[in-house]
Amino acid sequence: MNVAHREVEGLLGTSRFLFLTRNDSVAQRLGAALRSDGVVMQEEAVPAQLATRLTELTPQVVFLDFGADEAYPDELLQATECARMLARTQPGLPVVAVGSLSRPQGTLAALRAGVRDFIDSENQAEVQDVVRRVLQNRGADLPSASSSRGQLIVLLGVRAGVGASTLGAHLSSLAQLVANAEPSTDAASKPTTASALKGSTALLDLGLPVCDGQLYLNASGNFHFAEAVRNLRRFDETLVNTALSRSESGVTVISLPRDLTEMRTVSHGDSLALLDKLRDHFGLLLADVGGFTNADFVAGLVRAADQTWLVTDQSVGSLVSLADVLRDLNDAGIDRSRLHLLVNRYDERYGMTAEQIAARFETPLLATLPDRTLALMSSTNQGRLLHEVSERDPYVKALRVLLDTLGAAAGSSHDKNWLSRWLPGLHKRLMLR
């Protein structure tokens, strides 16, 4: 599947349609038929990359080419595999088979793969009728526009030990505490925290060493990431509320299995499909992948994220690792503008300033977090997070500013600084150092 898709028709409509095919002429006909309904994006059918591309493109309907002829001998097999994968990982996403009545083998293959809707691209009226019907049926099952999907923030530690797990635990706990503390208000007169971050936070504790985030949050439970992926088809509100680990403050934590060999049975595509489902259940999803070794999964996660924060410190080893991470992401086709730099344990006396690091690696600087190693270790050894011990610590104040930027991005345009009402000592111009 090509990283860059091709838009077959103009953006006259509002919907996005993904057509998995190498047949340009059929794609052109489909795009012409649907030009008043939306844009048709054409890509090759590569099942191994399907989950990643669905997360990136978020189509309303997926079309599969079941009209294979002698010119495309493997198209039918790929379409069948894609249909079965979509039925397993995206049961609510409409799938329509595209074929021809003159080739009944395609129609039969589509039915066997579980595709219920079939169109002939040469029949424009049929194409429009079927697509509008499936969109209408899907719209009846979708949540209202007010319940928007949650933000996905990737905390990509450039190497183990730079503080990404500590950051993830503190940031998720602060976000959930703010949501928990918000008083009831008249929804018509004032936006609520839930309207900004949906009132629920989850930490994907995928960094190394294993389960550090779960340890810092004192969240007990054995339902881990690999098990969540295996239960992808039944991943619903009931499972979220009963099976997943949760901290005392209410942060949901999904960690790697302690026996990492269990991850061998987890496919890249199903992992990304799980992340997509989680965004429907949580207002803020923080993914700590510091030290995670699967470069393809990390690249797919970064593509799907609303923001990616590269967490480093000023040490030579971390800066070398930062260069390696940036090179790997560049090789994976990640746009550098999607990345932001967060310098942890920052002190200008240590060497290169944060601005110099950002300029050297051509990556926008998001923030710096002060070096509070002693305070953090002291609170951790008490089994508590730093804001539970000292809410006015410089590290905690810096995290509040980071959270405020997330609230502004997700919240109502009438109240972009919602977090400052609930966290003491917060000022919009507070420097993060």
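Before reading on, note that the structure itself is shown above.
My aim in this report is to walk through the structure given alongside it, one point at a time. (Residues numbered from 1 in each chain as written. Predicted model: local features only at pLDDT ≥ 70, side-chain atom pairs only at ≥ 80, totals over all residues. Heavy atoms only, no water.)

## As for the overall build of the protein
Helix and strand content of the protein: 17 helices and 14 strands. Across the 433 residues of the protein, 53% fall into the buried class. Nonlocal contacts in the protein, meaning residues at least 24 apart in sequence, comprise 73% of its contacts between residues at least 6 apart. As displayed, the protein offers around 19400 Å² of accessible surface, 49% of which is attributable to carbon and sulfur atoms. (Helix = DSSP H or I, 4+ residues; strand = E, 2+ residues; numbered from the N terminus. Buried < 20%, exposed > 50% of the residue type's maximum accessible area, 1.4 Å probe, protein only. Contact = heavy atoms within 4.5 Å. Areas by Shrake-Rupley, 256 points an atom, 1.4 Å probe, with all protein chains shown as cover.)

## Comments concerning the pairing of strand β14 (residues 365-370)
Inspection of the sheet shows strand β13 (residues 339-346) paired to β14 by 4 bridges, in the parallel sense. Across the sheet, the residue bridging to Leu341 is Leu365, located in β14. This β-α-β element, β13 to helix α14 (residues 354-360) to β14, shows right-handed connectivity. (Pairing = 2+ DSSP bridges. Right-handed = clockwise from strand over helix to strand, strands pointing away.)

## A look at the environment of Val98
Turning to its location among the elements, Val98 is positioned in strand β5 (residues 95-99). The exposure class of Val98 is buried, given its relative accessible area of 2%. Taking the C-alpha atoms as reference points, Val98 and Leu20, 78 residues apart in sequence, are found 9.8 Å from one another. The contacts of Val98, once residues within four sequence positions are left out, are Phe19, Val26, Phe63, Leu64, Asp65, Phe66, Gly67, Ile119 and Ser121.

## A word on the pairing of strand β7 (residues 151-157)
For β7, the tally of buried residues reaches 7 of 7 residues, placing the bulk of the element in the interior. Neither face of β7 is open: one carries Gln151, Ile153, Leu155 and Gly157, the other Leu152, Val154 and Leu156, and all of them are buried.

## Focus: the packing of aromatic side chains
Using the criterion set out here, one finds 4 aromatic pairs in the structure. On the numbers, 6.0 Å between centres and 65 degrees between planes, the contact of Phe17 with Phe63 is edge-to-face. Separated by 46 residues along the polypeptide, Phe17 in strand β2 (residues 15-20) and Phe63 in strand β4 (residues 61-65) bring together distant segments of the chain. Of the two residues, Phe17 and Phe63, neither departs from the other in class, the shared state being buried. (Phe/Tyr/Trp six-rings, centres within 6.5 Å; stacked < 30°, edge-to-face > 60°.)

## Quick look at the sheet that holds strand β12 (residues 307-312)
Spatial strand order, β9-β10-β8-β11-β7-β12-β13-β14: 8 strands in an open sheet with mixed pairing. Every interior strand has two partners, whereas the edge strands, β9 (245-246) and β14, have only one. Note that β7 and β12 share 5 bridges and pair parallel. Residue pairing across strands places Ile153 opposite Gln307, the latter belonging to β12. Here helix α13 (residues 316-331) sits on the sheet in contact with β7, β12 and β13, set at roughly 150 degrees to β12. (Axes fitted to C-alpha atoms, helices over the stretch in contact; angles between N-to-C directions.)

## Quick look at α13
Taking 1.5 Å per residue, 16 residues should reach 22 Å; α13 reaches 23 Å between its end C-alpha atoms and fits that length. What α13 keeps buried is the set Ser318, Leu319, Ser321, Leu322, Val325, Leu326 and Leu329. Take α13 and look down its axis: the buried residues cluster within an arc of 155 degrees, on one side only. Along α13, the residues that are exposed and aim more than 90 degrees away from the buried face are Val316 and Asp331. (Expected span 1.5 Å × (residues − 1). Arc of directions from axis to C-beta.)

## Focus: the side chain of His387
Within the secondary structure, His387 is located in helix α16 (residues 386-389). A distance of 3.1 Å separates the side chain of His387 from the side chain of Ser173, its partner in a polar contact. Discounting residues that sit within four places of it in the chain, His387 has contacts with His170, Ser173, Leu174, Leu177 and Val396. (Polar contact = N/O pair within 3.5 Å; in protein donor to acceptor, adjacent residues only side chain to side chain.)

## Remarks on the packing of helix α11 (residues 268-278) against helix α12 (residues 295-304)
One way to put it is that α11 packs onto α12 with a least axis distance of 10 Å and a crossing angle of 30 degrees. It follows that α11 is roughly parallel to α12 by the angle criterion. In the packing of α11 onto α12, the handedness of the crossing is right-handed. The residues of α12 that touch α11, namely those facing His268, Ser271, Leu272 and Leu275, are Asp296, Phe297, Gly300 and Leu301. Residue composition of the contact of α11 with α12, grouped by class: 4 nonpolar, 3 polar and 1 charged. (Parallel < 35°, antiparallel > 145°, perpendicular 65-115°, else oblique. Left-handed = near helix turned anticlockwise from the far one by under 90°. Nonpolar A, V, L, I, M, F, W, Y, C, P; charged D, E, K, R; others polar.)

## Details of the environment of Pro257
You can see Pro257 is positioned in the loop between β10 (252-255) and α11. Distance from Pro257 to Ala226, taken between C-alpha atoms, is 6.7 Å for residues 31 residues apart in sequence. With residues near it in sequence (within four places) discarded, Pro257 still touches Val210, His224, Ala226, Glu262 and Met263.

## Let's talk about the pattern of salt bridges
Applying the stated criterion to the full structure yields 11 salt bridges. A salt bridge links Arg327 to Asp324, with the nearest nitrogen and oxygen atoms 3.0 Å apart. In this pair, Arg327 and Asp324 are both assigned in helix α13, 3 residues apart and thus about one turn of the helix distant. Two residues, Arg327 and Asp328, come together in a salt bridge whose shortest N-O distance is 3.9 Å. (Salt bridge = Lys/Arg side-chain N within 4 Å of Asp/Glu carboxyl O.)

## Let's talk about the side chain of Lys277
In this fold, Lys277 is placed in helix α11. Despite being buried, Lys277 has no salt bridge partner; Asp280 is the closest side chain of opposite charge, sitting 6.6 Å away. Apart from residues no more than four positions distant in its own chain, Lys277 is found in contact with Thr89, Pro91, Leu232 and Phe235. (Lys, Arg positive; Asp, Glu negative; His and termini not counted.)

## Description of the nonpolar core
Judged by nonpolar contacts, the single largest core of 85 residues is most densely connected at Leu156, Leu204, Phe225, Leu278, Leu310 and Leu322. Sort the elements by how many residues they give to this core and helix α17 (residues 394-410) lands first, with 7 residues. In this structure, Leu156 is in contact with Val289, Val298, Val302, Thr308, Trp309, Leu310, Val311, Val325 and Leu329, ignoring residues within four places of it in sequence. In this structure, Met41, Leu54, Leu64 and Val115 belong to the second largest nonpolar core, which totals 22 residues. (Core = buried A, V, L, I, M, F, W, Y, C linked by side-chain atoms within 4.5 Å.)

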